[in-house]
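# Fold and contact review
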Amino acid sequence: MTPSLLSASLLIAILMMCTHHHPVEALFGRKKPAEDAAADAATNSKPTAEPARPPSIIEAEARTARELAAAVATLTKDLQTCTGRVEAIEEGFQDLYAAHLNSVDGLRKCKEGMLTTEAMSKLSTDLDGVNPALLEQAHAKEEAKKRAERDEKLAERHRELIHELESQVQQLVRRERTWERTISELVARRDMLESREGAWERTIGELMGEIEIRNRRESWWEDMQKDMERRIGALSRIAVVERFGYGPHYVSMVVELEEGVSSSQREIIFQLAPLELTPHSVHIFLSQVADGYWSRGTPAFAINAEHVLQACPHPCLDSVDMGGNVPGYPYGDMKRAGLDTVSFQEYSPQYPHQKYTIGFAGRPHSGPEFYINTLDNTMDHGTLAERKMMMNPTHYKVWAQENFGSTEDVDEKAMEPYPCFGKVVKGFEVVDELAKGLTRASLPKEDESEAEEDESDELYEHILLRPVHIASMTILKDYAPDGEGKGAASDEL
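What you see is a predicted model, and the numbers here were worked out from it, not measured in a lab.

### Description of the overall build of the protein
For the protein, the helix and strand inventory stands at 14 helices and nine strands. A total of 493 residues make up the protein; the buried ones form 30% of that total. Sequence-distant contacts, at least 24 apart, represent 63% of the contacts inside the protein between residues at least 6 apart. Working note: accessible area of the protein is about 32,800 Å², and carbon and sulfur atoms make up 55% of it.

Following this line, the structure appears as structure tokens:
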């Protein structure tokens, strides 16, 4: 029987019980015939009184309404009681039906051997009268199933191990073949390296021989260079003595602070270095002055680099570098005469680049332009040894790293000194006045592009806006530094 049919049957039975306890006549206040007779007898036994007034229709309806209300309340109460009983019976039936289904399902699983040990123990506890043979059969089936699962797992594990071992064996075989090939290649490379090593040993021996020969040649060249410099210095000293005397040698230079105004002319007198220190540079400069290269044309102080005032002979102001229109090298005539540059960077530590000294500009071949040091430039224009002596080790290391990368990479050839061959002995105030000259760097920049281009051209930045013309330059004979015994100017002696 299904739960729905059972519920319907129980509901009908409950309704019948409710009807049995509360008849319809009782619900609506109607009396049985015996009771009516008893009531009539009681009425008749009472003394006769005045006939009662029949109730009015309203009273009769009110009484009927009260009776109906009482009957409805009684029925409502009984209905609630019956409803509660029906719900309780339904819940109990549902619980019984669920337990019945669980028992049936458990018995089915037990019969098919699908229950675990815990489930069978619970089933045997919950159900009474379960066949022990059925339980043992279920236990046997479960054990067999577990053994089958364990066997399957072991077999699967065995297959995995075998597969792994086969893979490892194949990998080892491949490695062995690779090692064989590698060993063969290494043997071949060893033979090749041995042959190369023999060739390298022979080559290194040859290179060492060549290096030794080159070192000897360089030593010979250095010795020859030093010997040549000594020879040039000796010949220059002889030439100076023959043409200009033993010295000391003085040169007078007249400059025009305002071009074309003779009253603005000022004199600067140079005393040249002793012939024992820089004979070659002194010879070149005296020859330039004597041959008139600093007196004709437009020689001038054209550059003010803040630490030096640089002068150049004619026609430097007309060259392209100075803003003129004369292309190429402007000192061709001096070059043909062998007076445009010194033959080597002659320098004596006994005559350093101190303030108011003069030296030839340019490197590695200085000249013909010269400059007046407006500061002590010994460290920048002297030898590398002087720089090391004047700078502490820390500052020297920083300088070397910034300019050459390290102290070991300092190029001594690139740091050759500038020739320093004279000094100012008169006209210091004139030099200071020249140093005040404005350069093109003081001009306002029209736009950023021009400013960047000008800043990249150091020469352009230091060109004087008004170059100072050199009116004349002459060699003084028998000049006395204190002003007495000053001889006449002479270009040729």
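### Structural notes on helix α7 (residues 279-290)
Taking 1.5 Å of rise per residue, the twelve residues of α7 would be expected to cover 16 Å, and the 16 Å separating its terminal C-alpha atoms lies within 8% of that figure. For α7, the buried fraction is high: twelve of the twelve residues fall into the buried class. Those residues of α7 lying buried are Pro279, His280, Ser281, Val282, His283, Ile284, Phe285, Leu286, Ser287, Gln288, Val289 and Ala290. Of the residues one or two after α7, Gly292 is the one with positive phi, at around 85°.

### Things to note about the pairing of strand β5 (residues 357-360)
Burial of β5 is two-sided: the residues Thr357 and Gly359 facing one way and the residues Ile358 and Phe360 facing the other way are all buried. Taken together, the three bridges between β5 and strand β7 (residues 420-426) define a ladder with antiparallel strand orientation. For Gly359, the partnering residue across the bridge sits in β7 and is Cys420. Judged from the three bridges that link them, β5 and strand β6 (residues 370-373) form a sheet pairing that is antiparallel. Bridged to Gly359 within β6 is Tyr371.

### Side note on the confidence of the model for the protein
The predicted coordinates of low-pLDDT regions are not to be read in fine detail. Within the protein, residue pLDDT values average 80, and 78% of them lie at 70 or more. Across residues 18-32, confidence stays below pLDDT 50; counting only partners more than four residues off in sequence or on other chains, it has eight contacts. Confidence over residues 448-456 falls short of pLDDT 50; this stretch has five contacts with residues more than four positions distant or in other chains.

### Side note on the pattern of salt bridges
Evaluation of the coordinates by the stated rule reveals 13 salt bridges. Put simply, Asp227 and Arg231 hold a salt bridge, and the shortest N to O gap is 2.8 Å. Pair noted here: Asp227 and Arg231 are both in helix α6 (residues 132-244), with a separation of four residues, about one helical turn. We classify Asp227 as partly exposed; its relative accessible area is 29%. Among the salt bridges present, the one from Glu267 reaches Lys426, with a minimum N-O distance of 3.7 Å. Of the two residues, Glu267 is situated in strand β2 (residues 265-272) and Lys426 in strand β7; the sequence distance between them amounts to 159 residues.

### Topic: the nonpolar core
Within the largest apolar cluster, 50 residues are counted, with the highest numbers of intra-cluster contacts made by Met253, Phe270, Leu272, Phe285, Phe301, Phe370 and Met473. In terms of residue count, α7 provides more of this core than any other element does, six residues in total. With residues up to four places along the chain from it excluded, the contact list for Phe301 reads Met253, Val255, Leu309, Gln310, Ala311, Phe370, Ile372, Leu434, Leu464, Pro467, Val468 and Ile470. Residues Leu384, Met391, Trp399 and Ala400 belong to the second largest nonpolar core, which totals seven residues.

### Quick word on a nonpolar patch on the surface
A cluster of nonpolar side chains, namely Leu193, Trp200, Ile204, Leu207, Met208 and Ile211, defines an oily patch on the protein surface of about 610 Å² accessible area. Examined against the element boundaries, Met208 turns out to sit in helix α6.

### Section: the environment of Lys355
Tracing the backbone through its elements, the reader meets Lys355 in the loop between α8 (332-336) and β5. The spatial distance from the C-alpha of Lys355 to the C-alpha of Leu375 is 4.6 Å, given a sequence separation of 20 residues.

### Some remarks on the pairing of β2
Pairing of strand β1 (residues 250-256) with β2 involves seven bridges; the strand directions are antiparallel. Paired with Met253 across the bridge in β2 is Ile268.

### Things to note about a negative patch on the surface
Taken together, the side chains of Glu87, Glu90, Glu91 and Asp95 make up a negatively charged region of the molecular surface. Within the fold, Asp95 resides in helix α4 (residues 57-112).

### Description of the side chain of Ser348
Structurally, Ser348 is set in the loop between α8 and β5. If sequence neighbours within four positions are ignored, Ser348 has contacts with Leu277 and Thr278.

### A short note on unusual backbone geometry
For the bond from Gly247 to Pro248, the omega torsion is 5°, close enough to zero to count as cis. Within the secondary structure, Pro248 sits in the loop between α6 and β1. Between His314 and Pro315 the backbone carries a cis peptide bond, its omega angle lying at 5°. Relative to the helices and strands, Pro315 resides in the loop between β4 (308-312) and α8. Positive phi, normally seen in glycine, also occurs at Glu306, with a value near 75°. Relative to the helices and strands, Glu306 is located in the loop between β3 (300-304) and β4. Residue classification places Glu306 among the exposed residues on the basis of a relative accessible area of 67%. Of note, the phi angle at Asp478 is positive, near 55°, even though the residue is not glycine. Checked against the element boundaries, Asp478 lands in the loop between β8 (463-476) and β9 (489-490). Residue Asp478 is classed as exposed on the basis of its relative accessible area, which comes to 58%.

How each quantity is defined
- Residues numbered from 1 in each chain as written.
- Predicted model: local features only at pLDDT ≥ 70, side-chain atom pairs only at ≥ 80, totals over all residues.
- Heavy atoms only, no water.
- Helix = DSSP H or I, 4+ residues; strand = E, 2+ residues; numbered from the N terminus.
- Buried < 20%, exposed > 50% of the residue type's maximum accessible area, 1.4 Å probe, protein only.
- Contact = heavy atoms within 4.5 Å.
- Areas by Shrake-Rupley, 256 points an atom, 1.4 Å probe, with all protein chains shown as cover.
- Expected span 1.5 Å × (residues − 1).
- Pairing = 2+ DSSP bridges.
- pLDDT = per-residue confidence, 0-100.
- Salt bridge = Lys/Arg side-chain N within 4 Å of Asp/Glu carboxyl O.
- Core = buried A, V, L, I, M, F, W, Y, C linked by side-chain atoms within 4.5 Å.
- Patch = residues over 30% accessible without salt bridge, like charges linked within 9 Å, V, L, I, M, F, W, Y side chains within 5 Å.
- Lys, Arg positive; Asp, Glu negative; His and termini not counted.
- Charge placed at Lys NZ, Arg CZ, Asp CG, Glu CD.

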